[in-house]
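As a plain string of letters, each chain reads:
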Amino acid sequence: MSHPENPPPTPLEVRLAGVLTGLPGLGLLVFGVVLLVHGLQNPPIPGNNVWAEFGTYAVLALIFLAASVGLLLGQTWARSPGVVVALLVIGVGWYLLGPSGQPLWGVPIGLFGLAALVLLFRRPSRAWALGMHDDETEEEAAERGGLAGRRAERERREQD
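Residues numbered from 1 in each chain as written. Predicted model: local features only at pLDDT ≥ 70, side-chain atom pairs only at ≥ 80, totals over all residues. Heavy atoms only, no water.

Taking an unreviewed UniProt entry as the reference, the chain is identified by name as Integral membrane protein belonging to Amycolatopsis halotolerans.

Draft legend 1. Seen up close, the packing of aromatic side chains. Taken as a whole and assessed by the stated rule, the structure comprises one aromatic pair. Their ring planes at 85 degrees and their centres at 5.0 Å tell us that Phe31 and Tyr57 sit as a pair that is edge-to-face. Taken together, the positions of Phe31 in helix 1 (residues 12–41) and Tyr57 in helix 2 (residues 50–72) put the pair 26 residues apart, joining distant regions of the chain. Since its relative accessible area comes to 41%, Phe31 is described here as partly exposed. Cation over ring: Arg79 sits above Phe121, and NZ or CZ is 4.9 Å from the ring centre. (Phe/Tyr/Trp six-rings, centres within 6.5 Å; stacked < 30°, edge-to-face > 60°. Helix = DSSP H or I, 4+ residues; strand = E, 2+ residues; numbered from the N terminus. Buried < 20%, exposed > 50% of the residue type's maximum accessible area, 1.4 Å probe, protein only. Lys NZ or Arg CZ within 6 Å of the ring centre and 35° of its normal.)

Draft legend 2. Just the side chain of Arg79, in detail. In this structure, Arg79 sits in helix 3 (residues 79–97). Looking at Arg79, the relative accessible area reads 16%, which means it is buried. Apart from the residues lying within four places of it in its own chain, the contact partners of Arg79 are Leu71, Leu120, Phe121, Ser125, Arg126, Trp128 and Ala129. (Contact = heavy atoms within 4.5 Å.)

Draft legend 3. Summary view of the packing of helix 1 against helix 4 (residues 103–121). Interhelical geometry of helix 1 versus helix 4 gives an angle of 150 degrees and a closest axis separation of 8 Å. The angle between helix 1 and helix 4 falls in the class roughly antiparallel. For the crossing formed where helix 1 meets helix 4, the hand is left-handed. Contacts from Glu13, Leu16, Ala17, Leu20, Leu23 and Pro24 of helix 1 reach helix 4 at Phe112, Ala115, Ala116, Leu119 and Leu120. (Axes fitted to C-alpha atoms, helices over the stretch in contact; angles between N-to-C directions. Parallel < 35°, antiparallel > 145°, perpendicular 65-115°, else oblique. Left-handed = near helix turned anticlockwise from the far one by under 90°.)

Draft legend 4. Layout of the side chain of Glu13. Within the fold, Glu13 resides in helix 1. A relative accessible area of 14% places Glu13 in the buried class. Among the polar contacts listed, one links the side chain of Glu13 to the side chain of Arg122, at a separation of 3.4 Å. Not counting the four nearest positions on each side in its chain, Glu13 is found in contact with Leu119, Arg122, Pro124 and Ser125. (Polar contact = N/O pair within 3.5 Å; in protein donor to acceptor, adjacent residues only side chain to side chain.)

Draft legend 5. Focus on a nonpolar patch on the surface. Taken together, the side chains of Leu97, Val107, Leu111, Leu114 and Val118 make up a nonpolar region of the molecular surface, amounting to roughly 420 Å² of accessible area. For the nonpolar patch, the element with the most residues is helix 4, which contributes four residues. Relative to the assigned elements, Leu97 resides in helix 3. (Patch = residues over 30% accessible without salt bridge, like charges linked within 9 Å, V, L, I, M, F, W, Y side chains within 5 Å. Areas by Shrake-Rupley, 256 points an atom, 1.4 Å probe, with all protein chains shown as cover. Salt bridge = Lys/Arg side-chain N within 4 Å of Asp/Glu carboxyl O.)

Draft legend 6. Molecular detail of helix 3. With 19 residues, helix 3 extends 27 Å between its outermost C-alpha atoms, agreeing within 8% with the 27 Å of an ideal straight helix rising 1.5 Å per residue. Taken together, the buried positions of helix 3 are occupied by Arg79, Gly82, Val83, Val85, Ala86, Val89, Gly93 and Leu96. Looking down the long axis of helix 3, one finds its buried residues gathered within 160 degrees of arc, a one-sided arrangement. Looking at helix 3, the residues exposed on the side facing more than 90 degrees away from the buried face are Ser80 and Trp94. Turning to helix 3, the residues buried within the fold contact helix 1, helix 2, helix 4 and helix 5 (123–130). (Expected span 1.5 Å × (residues − 1). Arc of directions from axis to C-beta.)

Draft legend 7. Geometry of the UniProt feature "transmembrane region" (unreviewed entry) in the chain. Those residues carrying the UniProt feature "transmembrane region" (unreviewed entry) are residues 12–34, 54–73, 80–97 and 103–121 in this numbering. In residues 54–73, helix accounts for 95% and strand for 0%; the two terminal C-alpha atoms are 28 Å from one another. (UniProt positions renumbered as here; feature names shortened; annotations may be inferred.)

Draft legend 8. Expanded view of the pattern of salt bridges. For the coordinates displayed, the defined rule picks out one salt bridge. Between Glu13 and Arg122 there is a salt bridge, with its nearest N and O atoms 3.4 Å apart. Of the two residues, Glu13 is situated in helix 1 and Arg122 in the loop between helix 4 and helix 5; the sequence distance between them amounts to 109 residues.

See below:
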């Protein structure tokens with residue numbers, strides 16, 4: 001059976017998850033800059049390297065933002081990092097809710113991460129990640145190999 005070669009369009013759910021994934025990245029970047037400015041204005045604390053601290057938050061922010069941009073651009077590779085980001089955000093929300101005793105922050109942050117996770121696992125998002133055709137099931141798309149399988153089929157046809 002012949003199918004169109006173009007991957008399915010990126011669903012709205014994936015783009016919304018991209019936005020939700022980018023916001024914690026921006027928050028980490030802002031937090032890192034605030035820590036850096038505060039650390040440079042105050043006398044140094046022995047054993048504390050403000051540049052390393054800033055670097056850690058900056059690298060994490062860039063990873064979150066890369067996943068966000070990937071999802072916004074419709075890159076299927078970004079779905080897995082987006083899921084990891086959502087799980088990390090849920091974990092932060094849980095920690096704020098429970099051990100830190102700050103439910104006013106923990107509940108919305110946890111729900112924020114949960115919303116991103118749900119968006120990435122909705123049927124349109126899964127179908128997009130698998131490169132499903134309109135007339136096939138998720139199992140058939142997975143057996144075909146998803147988008148990679150579609151590329152392999154195209155390459156085989158081009159060689160023949």
